[in-house]
Every structure is written in C-alpha cells, then in structure tokens.
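# Structural features, examined
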Amino acid sequence: MSKGPRSGLSAVSTALLAMSRHLEVRDVLKTIVASARELLDAEYAALGVPDDHGGFAQFVVDGVSDAQWKAIGPLPRQHGILAAMLHEARPERLADVREDPRFEGWPSAHPDMSDFLGLPIRDGDEIMGALFLANKLRPAEGNPPHSQSPEAEGGCGFTKDDEELLTILAQHAAIALTNARLYERSRELTIAEERSRLAHELHDAVSQKLFSLRLTAQAAAALVDRDPARAKGELQQVATLAAEAADELRAAVVELRPAALDEDGLVATLRTQIQVLDRAHSARVTFDSCGVRALPAAQEEAMLRVAQEALHNALRHSGAARVDVTLERHGPGAVLRVTDDGSGFEPRATRRAGRHLGLVSMRDRTNGVAGTLTVESAPGKGTTIEMEVPGG
C-alpha cells in the first residue's frame, strides 16, 4: 500500500542526493526512475535514453516486475507519446494516455495505464532522455489531498505541482547523467591506456625470451658434435626458456582479458556489446539470457570471443536483417546461440568457408575450453552457430 506522496524540501533533497551518489550510468538511470516514482507517488515510472536509429539505447522501468518486463518483450521503439517526449521536447500531462490521438497501443503483457506525466531530460539543446510517470496513486483515506485536485487539472491525477517537481528532478538528472557519462568515459580511457601499456611490456618480455631461446638453440646445435655434454646443458636451458616464454604468454592472455568480463560478467558484457551493435547497424540485433551462472574465466572469454566472431560474420558478410543472440543455462554450463536470417553458406565447404568466416578460430576457442561447436547453415537459409561449454 502506498505511503502517500512524499513532499517538501527533505524529500526532494533525498532524491537528488541519491542520484549524485552513483557514478555508473545504469545505476543513475535506475535511481532517477525510482526517485521520480516515489516522489510523485506514481504506480509506474520509466526513463528512456534514445539511440540514433529510432529506438531506445536504454529503457529503465520501476513498478514493473522482472517477469512482466520479460513478457512485454523488446525495448520500445520511439513512437506515439514516447516520440513526443524526445522530438517535441515539451512536458505532456494527460488524463488518459489511451485517448490521446498519438497513442498506438502496447503489447498484451503491458500493464494498463491511464493518467500520464512525461517530460524530456535536457542538457542545453541535447535531449538526453525522457521521464514517464503513469497512474497517479490517489491519496489514501486520512491523507491530505494535493493542493490541486484531478478535477481542477482536467481529470489528470498528476497536477501542475507534480510537473514542476518533476522538472526540477529532470534538471538534476541531466547533471547526474552527464557526470556519469564523463566518469565512464574517463574509466574507459584509463583501462585502454593501462591495457596498451601492459601489452607493450608483455610483448617486450616475450620477445626477449624468444630471442634468448633462439640463440641458445643455435649454440646447442653447434655443440652437438664436438661437445655433447655442453650441448645437453644448452638444451636444458632451451627447455627452461621455453617454459618461461609460455608463462609470459599465459600472463599476457590473463592481463589482456576483456576488462568488462572481470567487472560485469559474461551476460552483462554481451548485453552491452549487442546494444551497441544494434545501434550501429541497420540490422536488428537482440540478446536474451536465461538462468546463466558465472562460468570459469576461460570459458566466459571463449564464449565472448565466439559470439563476437559470429556477430561480425552476420553483420558484415551475411546481409542479415536480424541477428538474435541467446545465452542459456545448461546444467552447470551454458549454451550460446547466434542466429541470423542472412545469405547462409554450405558448411561442408569447410576449407574455404571455415577460414573466411573464422570458423577455424571459433572451433579452436571452443575446443580449448572442452566445449562443442555446431554450425547449421544453407545458402539462402541463414546461419545458426551454437557453442556449449561444460561450466565448472
């Protein structure tokens, strides 16, 4: 049961402080939505961040369960009232969103909504996103009513005071989002610089070991006939240097492992990368995951690399209009599936197609983590690449 709308300077201050505590963009978005819903006593709240292709790069909701959200389906595209927030850049306060001429319906699993308040989040001329509130919760019995009644507001439960309060929240949301974006960009640059430095150091270390290895092997070859005892010693040194070089290479793999995997895990890393690809390409690229647990680091990296290779093939070579990526739990392990509706190919022509499409590399990565790789394709029938790993 609602506790009634929070009001006053203390409530606003609490909401603004909550936004300023977070540095990750996703966390800031969630805090803005939760704060807006609680502050204005709405049943539902959402915040959409637009992409450059007629949809939303991110869409965060509050008041909708995970099961409901999954049943609703893919992120909404920019249309109807949502488009108005982003393109007309003015507040919208409606007694019943369903009666607005711009309303275009919603999926069957979508919760029913009536009164509506929305406004853009702006940074100068840039529209950074839009805040939406729906279904104003009426004051419970004994709670003081708003200073303006729904009747005075044309039947809308959200009042002019609510709109002004949300405007203040949106202004501070723009600042919080800008700071979070700057922080993430700074962190990305720092990680990139550190990885570049490590790459150079590891390259130099491995190169020195291999140079010493070659010289020692040459010395051993020269001593085999005239001084077998010394040759044996040199060969033992070759073995030692080879082991050290292998250790250096293993260290390189660990140090240069995708940073996002360590920080966010496989599911979040794939989701982020696929959202970027969906924005960057004309093809629709989707991602869905179900019940996946954390996997051993080597398996997660192998799955990420195979997914990247398969996505590259689908988006660059197949002419696909749609690419769907799923990651599902399978016992202690997981199954990755990348399916496209592109031109396809003949899998039996493995020598030519395998090298061209990176299938050899994908099989090597899969075999390296004791997994299995299946490729299904036919000319004109699209392609499905499935990778299964055992878990740990």
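Owing to the predicted nature of the structure, the values given are computational and were not obtained by experimental measurement.

Here we take up the pairing of strand 1 (residues 42-50). Along any regular strand the residues' side chains alternate between the sheet's two faces. Among the nine residues that make up strand 1, seven are buried, leaving the element largely enclosed by the rest of the structure. Across six bridges, strand 1 lies against strand 5 (residues 126-136) in antiparallel orientation. Within strand 5, the position partnered with Ala42 by the bridge is Lys136. The sheet contact formed by strand 1 and strand 2 (residues 56-62) spans six bridges and is antiparallel. The partner of Pro50 across the bridge, within strand 2, is Phe56.

This part is about the nonpolar core. Judged by nonpolar contacts, the single largest core of 33 residues is most densely connected at Leu266, Leu270, Met303, Val323, Leu327, Leu336 and Met387. Secondary structure elements with two or more residues in this core: helix 7 (259-280), strand 6 (284-290), helix 8 (297-316), strand 7 (322-330), strand 8 (333-340), helix 10 (359-368), strand 9 (372-377) and strand 10 (383-389). Examining the composition of this core, we find that nine residues originate from one element, helix 8, more than from any other. Setting aside residues up to four positions removed in sequence, Leu270 forms contacts with Phe287, Leu304, Ala307, Leu327 and Leu336.

The final tally for this structure, using the stated rule, is four aromatic pairs. With a centroid separation of 6.0 Å and an interplanar angle of 5°, the aromatic rings of Phe59 and Trp69 are classed as stacked. Of this pair, Phe59 sits in strand 2 while Trp69 is found in helix 3 (residues 66-72), placing the two residues 10 residues apart along the sequence. A residue is classified by how much of its surface remains accessible, and Phe59, at 10% relative accessible area, is buried. The partly exposed category is assigned to Trp69, whose relative accessible area is 26%. Every member of this aromatic cluster is reached through a ring pair, and the members are Phe59, Trp69, Phe116 and Phe132.

Across the eight residues that make up helix 4 (residues 80-87), a large majority, seven, are buried. Three or more residues of helix 4 are buried, namely Gly80, Ile81, Leu82, Ala83, Ala84, Met85 and Leu86. The secondary structure elements touched by the buried residues of helix 4 are strand 1, strand 2, strand 3 (92-94), strand 4 (116-123) and strand 5. One or two positions beyond helix 4, positive phi appears at Ala89, with a value near 55°.

With their axes 9 Å apart at the nearest point, helix 8 and helix 10 run at an angle of 165° to one another. When the axis of helix 8 is compared with that of helix 10, the two are roughly antiparallel. Classified by chirality, the crossing of helix 10 by helix 8 is left-handed. Here Ala302, Arg305, Val306, Glu309, Ala310 and Asn313 of helix 8 lie close against helix 10, whose contacting residues are Met362, Arg365 and Thr366. Partitioned by chemical class, the residues of the contact of helix 8 with helix 10 number four nonpolar, two polar and three charged.

Let us look at the confidence of the model for the protein. Of all residues in the protein, 78% attain a pLDDT of 70 or more, and the chain-wide mean is 79. Across the protein, element-level confidence peaks in strand 8 with a mean pLDDT of 96 and bottoms out in helix 9 (residues 350-356) with 48. Every residue in residues 1-7 is under pLDDT 50, and counting partners more than four places away or in other chains gives 12 contacts. A low-confidence stretch, residues 140-152 (pLDDT under 50), is modelled with 17 contacts involving residues beyond four sequence positions or located in other chains.

Right, let's get into the sheet that holds strand 6. With mixed pairing, the five strands of this open sheet are ordered in space as 6-7-8-10-9. Strands at the two margins of the open sheet, each flanked by one partner only, are strand 6 and strand 9. Strand-to-strand twist of the sheet, defined as the mean angle between neighbouring strand axes without regard to direction, takes the value 10°. Inspection of the sheet shows strand 8 paired to strand 10 by seven bridges, in the antiparallel sense. The residue bridging Leu336 from the neighbouring strand is Met387, located in strand 10. Against the sheet, helix 8 touches strand 6, strand 7, strand 8, strand 9 and strand 10, its axis set at about 5° to strand 8. Helix 10 rests against strand 9 and strand 10 of the sheet, and its axis sits at about 150° to strand 9.

The next point concerns the environment of Val335. Within the fold, Val335 resides in strand 8. Among the residues examined, Val335 registers a relative accessible area of 6% and is labelled buried. Residues Val335 and Glu386 lie 51 residues apart in sequence; the distance between their C-alpha atoms is 6.9 Å. Leave out the neighbours within four places in its chain, and Val335 touches Met303, Thr326, Leu327, Glu328, His330, Glu386, Met387 and Glu388.

Enumeration according to the criterion identifies 14 salt bridges in this entry. In this structure, Glu163 and Arg93 form a salt bridge, with 3.0 Å as the shortest nitrogen-oxygen distance. Here Glu163, found in helix 5 (residues 160-223), pairs with Arg93, found in strand 3; they are 70 residues apart in sequence, far enough to count as distant. Residue classification places Arg93 among the partly exposed residues on the basis of a relative accessible area of 27%. Its salt-bridge partner being Asp162, residue Lys136 comes within 3.2 Å of it at the nearest N-O pair. Of this pair, Lys136 sits in strand 5 while Asp162 sits in helix 5, placing them 26 residues apart in sequence. Within the structure, one salt-bridge network assembled from shared partners comprises Arg90, Glu92, Asp100 and Arg102.

Parameters and conventions
- Residues numbered from 1 in each chain as written.
- Predicted model: local features only at pLDDT ≥ 70, side-chain atom pairs only at ≥ 80, totals over all residues.
- Heavy atoms only, no water.
- Buried < 20%, exposed > 50% of the residue type's maximum accessible area, 1.4 Å probe, protein only.
- Helix = DSSP H or I, 4+ residues; strand = E, 2+ residues; numbered from the N terminus.
- Pairing = 2+ DSSP bridges.
- Core = buried A, V, L, I, M, F, W, Y, C linked by side-chain atoms within 4.5 Å.
- Contact = heavy atoms within 4.5 Å.
- Phe/Tyr/Trp six-rings, centres within 6.5 Å; stacked < 30°, edge-to-face > 60°.
- Axes fitted to C-alpha atoms, helices over the stretch in contact; angles between N-to-C directions.
- Parallel < 35°, antiparallel > 145°, perpendicular 65-115°, else oblique.
- Left-handed = near helix turned anticlockwise from the far one by under 90°.
- Nonpolar A, V, L, I, M, F, W, Y, C, P; charged D, E, K, R; others polar.
- pLDDT = per-residue confidence, 0-100.
- Salt bridge = Lys/Arg side-chain N within 4 Å of Asp/Glu carboxyl O.

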